[in-house]
Amino acid sequence: LHLLEALLPLAASHPIGFLLLCRPHYAETSEHVLSFLAQRMPNAHIRIRLQPLTTASTSELVTHLTGSTEIRPGLQSLIAERTEGNPFYVEEVVRTLIEHGGQTGGAKADLELPATIEGVILARVDRIDPDTKRVLQVASVVGRRFDRNIVAELVGEDVDVDLGVRVPERGL
């Protein structure tokens, strides 16, 4: 943050632009940067607040993701209601429904949509094979960045640590 605060004023005297993406309600990071900009550079920045998707936009995204215009009646509105217009959440819910073969058929009563984004991610983690899951769990405790050898030592010799490298290829 200190480096960013030192660099931002350069935009007033040099042909340089910054594109900052912030999530709201993070006092130590995004709120700090936004406060800095408001106080020190009130006329030198533009703030664009992204709004949640509308129900119509959510339905359009669901149609695009499923590749079908024949979605079960009420499903699109249920997804829009549950995801509250969060495009990432919409994508993850649709991906979960497709994996379970439930994007178009069946009655609305048998539909189980994850209640939260965290629920979607945890359900996805629960579906991966045990060795990959173990690598993922250990790596998540070690931190965002970690040394492969540390993870290998923690998971033990009976688990191939390189399985975790293939997780993104599996769509996790």
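First things first, this report covers the structure right here in the doc. Given the structure is predicted, the values throughout are model-derived calculations rather than measurements.

1. Overview of the environment of Gln 137
Then, number 1: Along the chain, the position of Gln 137 falls in helix H8 (residues 130-142).
Then, number 2: You can call Gln 137 partly exposed: its relative accessible area is 39%.
Then, number 3: For Gln 137 and Val 155, which are 18 residues apart along the polypeptide, the C-alpha to C-alpha distance reads 9.3 Å.

2. Section: the nonpolar core
Then, number 1: The biggest cluster of nonpolar side chains holds 11 residues, and these are Leu 61, Val 62, Ile 71, Leu 75, Ile 79, Tyr 89, Val 90, Val 93, Val 94, Leu 97 and Val 120.
Then, number 2: Listing elements by their share of this core, those giving two or more residues are helix H4 (55-66), helix H5 (75-83) and helix H6 (87-99).
Then, number 3: Looking at this core, the element that brings in the most residues is H6, giving 5 residues.
Then, number 4: If you look at the next biggest cluster of nonpolar residues, it comprises 7 residues, including Val 138, Val 151, Val 155 and Val 159.

3. Observations concerning a negative patch on the surface
Then, number 1: A contiguous patch of negative charge on the surface is contributed by Asp 131, Glu 157, Asp 158 and Asp 160.
Then, number 2: Along the polypeptide, Asp 160 turns up in the segment after helix H9 (148-155).
Then, number 3: For Asp 160, a relative accessible area of 39% puts it in the partly exposed group.

4. Topic: the packing of H4 against H5
Any two packed helices are characterised by how steeply their axes cross, that is the angle between the axes, and by the distance between the axes.
Then, number 1: At their nearest, the axes of H4 and H5 sit 9 Å apart, and the two run at 115° to each other. When you trace H4 past H5, the crossing you get is right-handed. From H4, Thr 55, Thr 58, Ser 59, Val 62 and Thr 63 reach across to H5, where they touch Gln 76, Ile 79, Ala 80 and Thr 83.

5. Focus: the environment of Thr 29
Then, number 1: Within the element layout of this structure, Thr 29 appears in the loop between helix H2 (10-13) and helix H3 (30-40).
Then, number 2: The class of Thr 29 is partly exposed, set by a relative accessible area of 41%.
Then, number 3: Taking C-alpha positions, Thr 29 is 7.4 Å from Leu 1, a pair spaced 28 residues apart along the chain.

Reading the values: the criteria
Residues numbered from 1 in each chain as written. Predicted model: local features only at pLDDT ≥ 70, side-chain atom pairs only at ≥ 80, totals over all residues. Heavy atoms only, no water. Helix = DSSP H or I, 4+ residues; strand = E, 2+ residues; numbered from the N terminus. Buried < 20%, exposed > 50% of the residue type's maximum accessible area, 1.4 Å probe, protein only. Core = buried A, V, L, I, M, F, W, Y, C linked by side-chain atoms within 4.5 Å. Patch = residues over 30% accessible without salt bridge, like charges linked within 9 Å, V, L, I, M, F, W, Y side chains within 5 Å. Areas by Shrake-Rupley, 256 points an atom, 1.4 Å probe, with all protein chains shown as cover. Salt bridge = Lys/Arg side-chain N within 4 Å of Asp/Glu carboxyl O. Lys, Arg positive; Asp, Glu negative; His and termini not counted. Charge placed at Lys NZ, Arg CZ, Asp CG, Glu CD. Axes fitted to C-alpha atoms, helices over the stretch in contact; angles between N-to-C directions. Left-handed = near helix turned anticlockwise from the far one by under 90°. Contact = heavy atoms within 4.5 Å.

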